[in-house]
Amino acid sequence: MEIDRAVRESVDRRLQTKYQNAVYVIQRAFSLYEFEQVAFSFNGGKDSTVLLHLLRAGYYLHQGKSECSNQHLSDNALKCPIRTIYFESPCAFPEINSFTYETARDFDFFLVLLSYDLQLETIHSDFKSGLEALLKKKPTKAIFLGTRIGDPNAVGQEQFSPSSIGWPPFMRVNPILDWSYRDVWAFLLTSKVKYCSLYDQGYTSIGSIYDTVPNALLSVADSPSMKENFKPAYMLADGRLERAGRNKKLVLKDDNASLNNGVASIPLNGSFRASIIIVGDEILFGITEDMLSGTLCKKLHGIGWQTTRVAVVQNEIDSVAEEVEGRKATNDMVFLFGGFGPMNSDVSLAGVAKAFGVRLAPDEEFEEYLRHLIGQHCIGDRNEMALLPEGITELLHHKKLPLPLIKCQNVVILSATNICELETQWECLLELPSVPLVQSTPFTSKYLSTTLSDVEIAQTISKLCLEFSDIYMGCHRKSRVTPSIISFVGKDKSRLELAAQRLSSSFPDGSFYEHRCD
Ligand SMILES: Cc1cc2nc3c(=O)[nH]c(=O)nc-3n(C[C@H](O)[C@H](O)[C@H](O)COP(=O)(O)O)c2cc1C
Ligand SMILES: Nc1ncnc2c1ncn2[C@@H]1O[C@H](COP(=O)(O)OP(=O)(O)OP(=O)(O)O)[C@@H](O)[C@H]1O
Ligand SMILES: [Mg+2]
């Protein structure tokens, strides 16, 4: 079959692997479900066009196997008479509509158009109710989709994923879930198949006519008219920016206004604020202890930053997303440890992506690093470690780092597992210009110890706190029977001394001693 031959004869090993895996998933689906009970969700987009041809290849191979014959398959086998669903919408580009119909005709699809008559069309044509109607009309066990891991709704999906709770029950089959933008174009160009003409006009991902424009990164000024022209979609070098022509759902919140693309510009209360998130079931089980956040707090304190919160969360996408979402808006920087790697519990990046409302997408540059570091065999087919939050990720390179650190706007993912690694990563962060770890006025501290009881000193300290609002005053002790240690922390040494002196002078001489805290 021509597609199969084109891919196998190409020199692109990566494409061959992706192709083989996708066709395998398709063949499995054809073995698991009756052909009449599966459907293909086709919308004329590039991803579903890739899937169409993979389905043809998978169907051809599946038929060859089930007929168990060596004889040459008839030309008909090159077609795939699969039930095909298209959610037609008045907001679709006419080019998408016509491409969908023409393709369905060329490949003899059994096209089930889920459009409604005029009165209902614009009101009820959503996916969910359309699928409910479809399932009622005809049993449908599985639906092939051209979803790729980057889609916001792909988070947590596998190649076979049951439909979500609240949706009619069917299996979503996602054969190209792990394909990157580059893989999609490698396939379409290698197999020389037709695709929607919009992709040759600079569109790189297509939504509705209201939210999609050509990708500005493909723009070329066409002199002498200076009319704007666009290069074809396959020329987009960085697939992470595939959706740059789509209206972004991501809107920075008001309280994020002091952040300029993650770079803090207005320090809050005189100091920059940071927050630390540790993703660690094992810490929560009590099996291991968090050794890193204390060191990081010290480092931040040392450059005059205020750590506002340290949180340990479970290895769950939603727990991470919730914490990141809450912290990123109110802190200049958020540092995240743990949950980063190839295990199924390594969900930190998915959580970060969810918090920013973006997709996880294959990052070829990072993948290259991983391949160099770990070797091809360790990464696995899905290269899950190379899936990074799309459009917001920056790789932080430093010669001392074997693998770049990942920064998603103002969230930095630290891969350190011990203090020594943390020291190195911290030094690198301080040297990197794109990380706004601005050295601000350092904090100074003073400590007084006293054998007076907490009850005796509490009221005076409360009053002093009101008077010295720029100085932090707190109290800790090693045990219930040892003296209390009063901490004074602030940026103005003379104010700090004054506050300490005011406390001492409020009590009889000899009640307080200067204390050294190491
Ligand atoms: C056949 C089909 C099945 C879908 N099943 C689900 C589902 O189970 N759960 C869900 O949240 N969304 C489901 N969706 C909606 C998609 O996740 C997504 O919203 C849709 O493809 C539009 O993507 P966009 O929002 O990027 O345009 C389904 C869509 C289609 C076409
Ligand atoms: N209107 C629709 N009708 C049928 N299937 C759809 C529709 N919209 C989305 N889908 C399914 O969801 C998949 C993912 O949609 P998505 O928009 O991400 O990809 P695409 O349209 O194929 O390509 P592109 O990213 O270039 O727009 C499609 O490949 C298709 O299987
Ligand atoms: Mg689309």
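Residue numbers run consecutively from 1 along every chain, following the written order of its sequence. For this description, chains carry letters from A and ligands carry numbers from 1, given in the order in which they are written. Under the rules for a predicted model, residues below a pLDDT of 70 receive no local features and side-chain atom pairs below 80 are neither given nor counted, while totals for whole chains, interfaces and linings still include all residues. The side-chain quantities take in all heavy atoms of the structure and omit both hydrogens and water.

Asks: Kindly report on the overall build of the chain, identifying the contributing residues and their values.
Replies: Along the backbone of the chain there are 16 helices and 22 strands. A total of 518 residues make up the chain; the buried ones form 49% of that total. In what follows, a contact means two residues having at least one pair of non-hydrogen atoms within 4.5 Å. In the chain, 73% of the contacts between residues at least 6 apart in sequence involve partners at least 24 apart. As displayed, the chain has an accessible area near 26000 Å², and 53% of this comes from carbon and sulfur atoms. Numbering of helices and strands runs from the N terminus; a helix is a DSSP stretch of H or I covering at least four residues, while a strand is a stretch of E covering at least two. We call a residue buried when its accessible area falls under 20% of the maximum for its residue type, exposed when it is over 50%, and partly exposed in between, using a 1.4 Å probe and counting protein chains only. What sets the accessible areas is the Shrake-Rupley method with a 1.4 Å probe; for residues, cover comes only from the shown protein chains.

Asks: Tell me about the pattern of salt bridges, and please be specific about residues and values.
Replies: Take a side-chain nitrogen of Lys or Arg and a carboxyl oxygen of Asp or Glu: if they are within 4 Å of each other, that pair is a salt bridge. According to the stated counting rule, one finds 28 salt bridges in the structure shown. Glu-367 is the partner of Arg-371 in a salt bridge, and the nearest nitrogen-oxygen pair spans 3.7 Å. With a gap of 4 residues between them, Arg-371 and Glu-367 both fall in helix α12 (residues 364-374), about one helical turn apart. When the shortest N-O distance is used, the salt bridge between Glu-394 and Lys-407 registers 3.3 Å. Of this pair, Glu-394 sits in strand β16 (residues 393-396) while Lys-407 is found in strand β17 (residues 405-408), placing the two residues 13 residues apart along the sequence. A relative accessible area of 4% places Lys-407 in the buried class. Residues participating in the shared-partner salt-bridge network are Arg-14, Lys-18, Asp-178, Arg-182, Asp-183, Glu-364, Glu-367, Glu-368 and Arg-371.

Asks: Break down the site of ligand 2 for me, with residues and values.
Replies: Proximity is defined per residue: any heavy atom of the residue falling within 4 Å of a molecule or strand makes that residue near it. In the neighbourhood of ligand 2, 19 residues make up the surrounding shell, with Ser-41, Asn-43, Lys-46, Tyr-199 and Ile-206 lying closest. Polar contact is defined as a pair of N or O atoms within 3.5 Å, subject to the rule that within protein one atom must be able to donate a hydrogen and the other to accept it, and that residues adjacent in sequence are counted only when both atoms are side-chain atoms. Within the backbone of Ser-48, an N or O atom sits 2.9 Å from an oxygen atom of ligand 2. Contact between ligand 2 and Gly-146: an oxygen atom at 3.0 Å from a main-chain N or O atom of the residue. About the coverage of ligand 2: the protein hides 88% of its 590 Å² of free accessible area. Among the secondary structure elements, those contributing two or more residues to the shell around ligand 2 are α3 (46-67) and β2 (83-86). Looking at the shell around ligand 2 element by element, the count peaks at 3 residues for α3.

Asks: Could you give an account of the site of ligand 1, with specific residues and numbers?
Replies: The immediate surroundings of ligand 1 are formed by 15 residues, with Asn-153, Ser-163, Ser-164, Trp-167 and Arg-172 found nearest. One of the side-chain N or O atoms of Ser-164 is found 2.6 Å from a nitrogen atom in ligand 1. One of the side-chain nitrogen or oxygen atoms of Trp-167 is found 3.5 Å away from a nitrogen atom of ligand 1.

Asks: Tell me what's going on with the packing of aromatic side chains, and back it up with residues and numbers.
Replies: Only Phe, Tyr and Trp rings are paired, with Trp represented by its six-membered ring, and only when their centres lie within 6.5 Å; those with planes under 30 degrees apart are stacked, over 60 edge-to-face, the remainder tilted. Under the criterion given, the structure shown has 17 aromatic pairs. Here the aromatic rings of Phe-30 and Phe-144 are separated by 5.6 Å at their centres, their planes lie at 65°, and the arrangement is edge-to-face. Here the residue Phe-30 occupies a position in helix α2 (residues 13-32), and Phe-144 occupies one in strand β4 (residues 142-144), the gap between them amounting to 114 residues. In textbook terms, an aromatic cluster arises when at least three aromatic residues are bridged by ring pairs, as seen for Phe-30, Phe-35, Tyr-59 and Phe-144. Charge-over-ring placement is defined geometrically: NZ (Lys) or CZ (Arg) within 6 Å of the ring centre, and within 35 degrees of the ring normal. It is Lys-328 that lies over the ring of Phe-356; its NZ or CZ is 4.6 Å from the centre. The ring of Phe-443 has Lys-491 lying over it, and the distance from NZ or CZ to the ring centre is 4.7 Å.

Asks: I'd like a rundown of α12, residues and numbers included.
Replies: Within α12, burial applies to Phe-366, Glu-367 and Leu-370. Down the axis, α12 shows its buried residues gathered within 100° of arc, on one side only. Looking one or two residues beyond α12, the residue adopting positive phi is Gly-375, at roughly 95°. Relevant arc is that of directions from the helix axis to the C-beta atoms, nothing else.

Asks: Describe the packing of α2 against helix α7 (residues 181-190), listing the residues and the values that go with them.
Replies: Orientation is described by lines fitted to C-alpha atoms, with helices fitted over the stretch in contact, and by angles between N-to-C directions that extend from 0 to 180 degrees. It is the contact of α2 with α7, at a shortest axis distance of 10 Å, that shows an interaxial angle of 95°. With respect to each other, α2 and α7 are oriented roughly perpendicular. Two secondary-structure elements touch here, α2 through Arg-14, Leu-15, Lys-18 and Tyr-19 and α7 through Arg-182, Asp-183, Ala-186, Phe-187 and Thr-190. Following the grouping adopted for this structure description, the nonpolar residues are Ala, Val, Leu, Ile, Met, Phe, Trp, Tyr, Cys and Pro, the charged ones are Asp, Glu, Lys and Arg, and the polar ones are all others, Gly among them. Along the lines of polarity and charge, the residues of the contact of α2 with α7 split into 4 nonpolar, 1 polar and 4 charged. For classification, angles of less than 35 degrees are called roughly parallel, those exceeding 145 degrees roughly antiparallel, those between 65 and 115 degrees roughly perpendicular, and all remaining angles oblique.

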